[in-house]
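The chain contents come next:
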Amino acid sequence: MSSKPVKLSAGRALIPGAIALMLMLCLSWGFNQIAVKLVLPDVPPMLQALARSIGALPVLLLIGWFRGVKFFERDGTLWPGVIAGTIFGIEFVLIYRGLLLTSASRAVVFLYVAPFFVALGSFVFLGERLRAPQWGGLALSFAGVALAIGVPQTNVDAKVLLGDFLIVVGGALWAATTLIVKTTALIKAPAEKGLGYQVAISIPILALAAWISGETITHVPGPLSLALLAYQAFWVVGLTFLLWFALVKTYSASKLSAFTFVTPLFGVAASYFILHDTLTIAFGVAALLVIAGLYLVNKPDPKIVPDPNLPA
């Protein structure tokens, strides 16, 4: 392999406004699992996930309409979109069911091992070479997950461990969706269309899961639950993913990616202060191992040197 640096566009440097927006997105994603837990007394998990997809779809369609996105144009994305949407639906069946069994603090750490699976999947299925720091990062993340699952806590029993496992599998499916997008025509599709496939196809899957589970809503949800459902649908799914896409198009993706590693920290902190989840030093160490590992996995190659003469 040649040692000659590869010149790539670095993208624009992050301005203070972009940094503030990125931190707000991470805070939003970290709080999402806490929002799900807070709504569970009023709305069961599958119906909650169903309501989220139903609410997010018109937001995506409306934004796409304003941006001139041709949702029904034949562009080779139909079958990849169907596959990605099916995985997306199953992913949230597992995540929402897992949140019924485990704590939000554990869930937010396990869910954000998705980049671990993306890196590993890219190596296995795409033939991408991993550098030594990336292998070290994978090992750290794996050790962190193993430690977190085995952390002795008074509330950890077989049901909690099952919930942890469901969240980890959900993170793996999230990674699978990412790999499908990277390797199919979806990579060239507008974000609204790619995400629209996933949200639309998840609706019947989540409806079926709710029916099989026998879920019902026995009373009118309170104002807090309705507000948090709107938060999940309109903000988290309908807007934050599109805001992320816009940031990646404008700024350096490598610079932005560093911020995503604070998402589990936001989630764990919010779980402690809002839900009063029991946290231990051992679990804190496990969370830091996962985050440090993910940073190493996604750390830019020092041999890739940005060319300041290329357009941002």
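Scroll up a little and you will see the structure.
Residues numbered from 1 in each chain as written. Predicted model: local features only at pLDDT ≥ 70, side-chain atom pairs only at ≥ 80, totals over all residues. Heavy atoms only, no water.

Participant: Can you tell me about the packing of helix α4 (residues 104-111) against helix α7 (residues 158-183), naming the residues and giving the values?
Facilitator: It is the contact of α4 with α7, at a shortest axis distance of 8 Å, that shows an interaxial angle of 30 degrees. Taken together, the axes of α4 and α7 lie roughly parallel to each other. Regarding α4 and α7, the two cross each other, and that crossing is right-handed. Taken together, the residues of α7 that come into contact with α4 (itself represented by Arg106, Ala107, Phe110 and Leu111) are Val160, Leu161, Asp164, Ile167, Val168, Gly170, Gly171 and Trp174. (Axes fitted to C-alpha atoms, helices over the stretch in contact; angles between N-to-C directions. Helix = DSSP H or I, 4+ residues; strand = E, 2+ residues; numbered from the N terminus. Parallel < 35°, antiparallel > 145°, perpendicular 65-115°, else oblique. Left-handed = near helix turned anticlockwise from the far one by under 90°. Contact = heavy atoms within 4.5 Å.)

Participant: Let's hear about the layout of surface pockets: which residues, and what values?
Facilitator: What the second largest pocket holds in volume is close to 340 Å³. Lining the second largest pocket are 16 residues, with Phe71, Phe72, Leu78, Lys193 and Tyr197 positioned closest to its centre. Take the lining of the second largest pocket: its biggest share by element is five residues, from helix α8 (residues 191-212). Residues belonging to the lining of the second largest pocket are distributed by class as follows: nine nonpolar, three polar and four charged. (1 Å grid on protein atoms, 1.4 Å probe; cavity = no way out; pocket = protein on both sides within 12 Å on 5 of 7 lines; lining within 4 Å. Points joined across faces, edges and corners; volume = space filled by probe spheres on them. Nonpolar A, V, L, I, M, F, W, Y, C, P; charged D, E, K, R; others polar.)

Participant: Would you mind going over a nonpolar patch on the surface in detail, with residue names and values included?
Facilitator: Among the surface-exposed residues, Phe123, Val124, Phe125, Leu126 and Trp135 lie close enough to one another that they form a single nonpolar patch of about 510 Å² accessible area. Considering each element in turn, the nonpolar patch owes the most residues, three residues, to helix α5 (residues 114-125). Following the sequence through the fold, Phe125 ends up in helix α5. (Patch = residues over 30% accessible without salt bridge, like charges linked within 9 Å, V, L, I, M, F, W, Y side chains within 5 Å. Areas by Shrake-Rupley, 256 points an atom, 1.4 Å probe, with all protein chains shown as cover. Salt bridge = Lys/Arg side-chain N within 4 Å of Asp/Glu carboxyl O.)

Participant: With reference to specific residues and values, describe unusual backbone geometry.
Facilitator: Positive phi, normally seen in glycine, also occurs at His276, with a value near 60 degrees. Among the secondary structure elements, His276 is positioned in the loop between α11 (263-274) and α12 (281-298). In this structure His276 comes out as exposed when scored by relative accessible area, which is 63%. (Buried < 20%, exposed > 50% of the residue type's maximum accessible area, 1.4 Å probe, protein only.)

Participant: Which residues make up the packing of aromatic side chains, and what values do they have?
Facilitator: Within this structure, the stated rule accounts for six aromatic pairs. Seen from their ring centres, Tyr272 and Phe273 are 5.1 Å apart, and the 80 degrees between their planes marks the pair as edge-to-face. The cationic tip of Arg52 hangs over the ring face of Phe92; the distance from NZ or CZ to the ring centre is 4.2 Å. (Phe/Tyr/Trp six-rings, centres within 6.5 Å; stacked < 30°, edge-to-face > 60°. Lys NZ or Arg CZ within 6 Å of the ring centre and 35° of its normal.)

Remember, this is a structural readout, not a statement about activity or role.
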